[in-house]
Amino acid sequence: MVQKQKIRVLLVVGLFFISLGGWLLHMRIHPISKLALNWIPFVAGLISVTAVPVMFLFRRTLAYAYVINGMLVIIGTITMTHFSLAHPPEQIRFQTLLMGTMIPDIVMLFTNFMLGKSLFELEMLKTEETPTRHGRFFRYPNMGWWFVHLFVLSTLYVLGHFLWK
């Protein structure tokens, strides 16, 4: 096994464990037996724990895994941010903002995204001398593409929340 393959396997295992930890944490806080709405994050977490890491192992499904992983992170970030804004801590202090909101959970999601991005970039690497991609920031697979999707999906979520009453 060459070094690149070892790194890929380690990143996939890390992606699996961070996804599993987040999913189990969510299942403890929001069991699916209490509300029908809890089935949505249950299924999203199941996909994140099972399908996405396996898809990252194969070059043919790598781009799909990258997009699915990123979209799951965006959806989770938007919904957890909404939950934090809807249920703010009683006292607004640094400690309560950090530990009394969903910020630690969102950081776990960003870790999940960065592991997926690392796997994608590692596979796109031809040699060690391969220069970094240059081009348009807002084009796939650059980070601007993800920022645009985060902004657009957040806007749609906010509009749906306020207009769909």
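In this report, the structure presented in the accompanying data block is examined. (Residues numbered from 1 in each chain as written. Predicted model: local features only at pLDDT ≥ 70, side-chain atom pairs only at ≥ 80, totals over all residues. Heavy atoms only, no water.)

Overview of the side chain of Thr96
So, point 1. Structurally, Thr96 can be placed in helix α4 (residues 94–99).
So, point 2. Within the local environment of Thr96, its side chain forms a polar contact with the backbone nitrogen of Arg93, the two atoms lying 2.9 Å apart.
So, point 3. Those residues in contact with Thr96 that lie beyond four places of it in its chain are Pro89, Gln91 and Thr101. (Helix = DSSP H or I, 4+ residues; strand = E, 2+ residues; numbered from the N terminus. Polar contact = N/O pair within 3.5 Å; in protein donor to acceptor, adjacent residues only side chain to side chain. Contact = heavy atoms within 4.5 Å.)

Focus on the pattern of salt bridges
So, point 1. Counted under the stated rule, the structure contains 3 salt bridges.
So, point 2. One salt bridge in this structure joins Glu123 and Arg8, with 3.0 Å as the shortest N-O distance. Remark: Arg8 occurs in helix α1 (residues 3–29) and Glu123 occurs in helix α5 (residues 103–124); sequence separation between them is 115 residues. Residues Glu123 and Arg8 agree in their burial class; the two are buried.
So, point 3. The salt bridge partner of Glu121 is Lys117, with a shortest N-O separation of 2.8 Å. Here Glu121 pairs with Lys117, and both are found in helix α5, just 4 residues apart, close to one helical turn.
So, point 4. By relative accessible area, Lys117 is classed as buried at 12%. (Salt bridge = Lys/Arg side-chain N within 4 Å of Asp/Glu carboxyl O. Buried < 20%, exposed > 50% of the residue type's maximum accessible area, 1.4 Å probe, protein only.)

Examining the packing of aromatic side chains
So, point 1. For the structure on display, the rule yields 7 aromatic pairs.
So, point 2. Summarising the aromatic geometry, the rings of Phe113 and Trp146 are spaced 5.4 Å apart at their centres and angled 75 degrees between planes, so their arrangement reads as edge-to-face. Here Phe113, found in helix α5, pairs with Trp146, found in helix α6 (residues 143–163); they are 33 residues apart in sequence, far enough to count as distant.
So, point 3. Classification of Phe113 as buried rests on a relative accessible area of 7%.
So, point 4. Residue Trp146 is classed as buried on the basis of its relative accessible area of 4%.
So, point 5. Considering the side-chain rings of Trp145 and Trp146, the 4.7 Å spacing of their centres and the 85 degrees angle between planes classify their relative orientation as edge-to-face. (Phe/Tyr/Trp six-rings, centres within 6.5 Å; stacked < 30°, edge-to-face > 60°.)

Note that every value here comes from positions in space, so none of it alone points to a role or purpose.
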